[in-house]
Amino acid sequence: MSSSTTVRTARRRTLRIAAASLVAAAGLTLTACAGSNAADAKSAGHTNSAAAEAGAAGWSGLQSAGAKAEVKAGTTAEQAGGAHAAGGGKAASPVRTQRLADGVSTAEITKLGDQHYRAKIVARGAVLATLETKGHDDGLDANDMFVTLTLDGQVHSWMGGGAQGPGTFKLAGGWTAKVTKLGELRYRAQIIGHDGVAATLETKGHDVGLDANGSYIVLSSGGVISAHA
C-alpha cells in the first residue's frame, strides 16, 4: 500500500469516527433534550396538577367554609326562628278587635291566661286606656262612655247613664247601688238585689266594673256609677 493510500484510509477512519461521534453526540443531545422535555413536562404536569389540586382544595375549602357558614347561619336563623316561635307562643296576641259605643274607639282584646284578659282601648291609633281581668271583672269610665271587660273576655260598652255618688241609685237590670265615698278617688258601691247585697265594687285610684248576671256596672274613681243591661 502506498503512502497516499494509507493517508486516505486514515482520513476515512477519522471522518467515520468523527461522524460516529457526531451522531452519538446528537443522540445524547436529543436524549438529553427529550429527557429534559419529559422532565419539564412531568414537572409542568405536576405543577399543573398541584395547582389544580390546590385550586380544587381552595374551592372545596371555600365550599366547606360556605357550607359551614350557611349551616351556622341556618342554625342561627333556626334558633332565632325557634326563639321567635317560642316567644311568639308565649307572647299574647289580640283575640279580636271590637268597635265601642262611641263609634270611634275600639277594644283590642287579648287573652293572657285562664280568665285573664286585657283590652286596650284605642282611638285614632292611640291607646287611651287598658282594662285587665285578674280574677275579677274590670271597668272604665272613658268620658261618659262606660266599658266593662269580663272574666271570659267579653267587652260591653254604652254611653251615658251615670249618676254621681255618694248616694243610692236604681240601676239597669233591677239592681240598686249604694255608693259611699271612702277617700280621695276612693268609692265603694254595694250592689243590692232582692236578696240583699250581691256584690261590692271599690275603687282604689282606678275605675272598676262588674258583670252582675248580664247587667254591666261601672264605678269610676270619681264616684260615678252607671249600668247597662
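Notes on the structure follow. Everything quoted here is computed from the prediction, not taken from an experiment. (Residues numbered from 1 in each chain as written. Predicted model: local features only at pLDDT ≥ 70, side-chain atom pairs only at ≥ 80, totals over all residues. Heavy atoms only, no water.)

Turning our attention to the packing of aromatic side chains. As enumerated under the stated definition, the model contains one aromatic pair in all. Ring geometry for Phe 146 and Trp 158: centres 6.0 Å apart, planes at 20°, overall stacked. Here Phe 146, found in strand E6 (residues 145-149), pairs with Trp 158, found in strand E7 (residues 155-159); they are 12 residues apart in sequence, far enough to count as distant. Each member of the pair Phe 146 and Trp 158 is classed as buried. (Phe/Tyr/Trp six-rings, centres within 6.5 Å; stacked < 30°, edge-to-face > 60°. Helix = DSSP H or I, 4+ residues; strand = E, 2+ residues; numbered from the N terminus. Buried < 20%, exposed > 50% of the residue type's maximum accessible area, 1.4 Å probe, protein only.)

This part covers the pairing of strand E3 (residues 116-123). Here strand E2 (residues 106-113) runs beside E3; their pairing, made up of seven bridges, is antiparallel. Bridge pairing in E3 links Ile 109 to Ala 119. With antiparallel pairing between neighbouring strands as the criterion, E2 and E3 make up a hairpin whose turn holds two residues, including Gln 115 at a positive phi of roughly 55°. Relative to strand E4 (residues 126-132), E3 is paired through six bridges, and the arrangement is antiparallel. Within E4, the residue paired with Ile 121 across the bridge is Ala 129. Taking the residues between adjacent antiparallel strands as the criterion, E3 and E4 are bridged by two residues, where Arg 124 takes a positive phi near 55°. (Pairing = 2+ DSSP bridges.)

Paired through backbone hydrogen bonds, the strands of a sheet run either parallel or antiparallel to each other. Taken together, three strands build an open sheet; the order of strands is E5-E6-E7 and the sheet is antiparallel. Taken across any chain shown, the strands that pair with only one partner, and hence form the sheet edges, are strand E5 (138-142) and E7. Adjacent strand axes in the sheet meet at a mean angle of 15° when their direction is disregarded. One ladder, built from five bridges, connects E6 with E7; its direction is antiparallel. What sits directly across from Leu 149, in E7, is Val 155. (Axes fitted to C-alpha atoms, helices over the stretch in contact; angles between N-to-C directions.)

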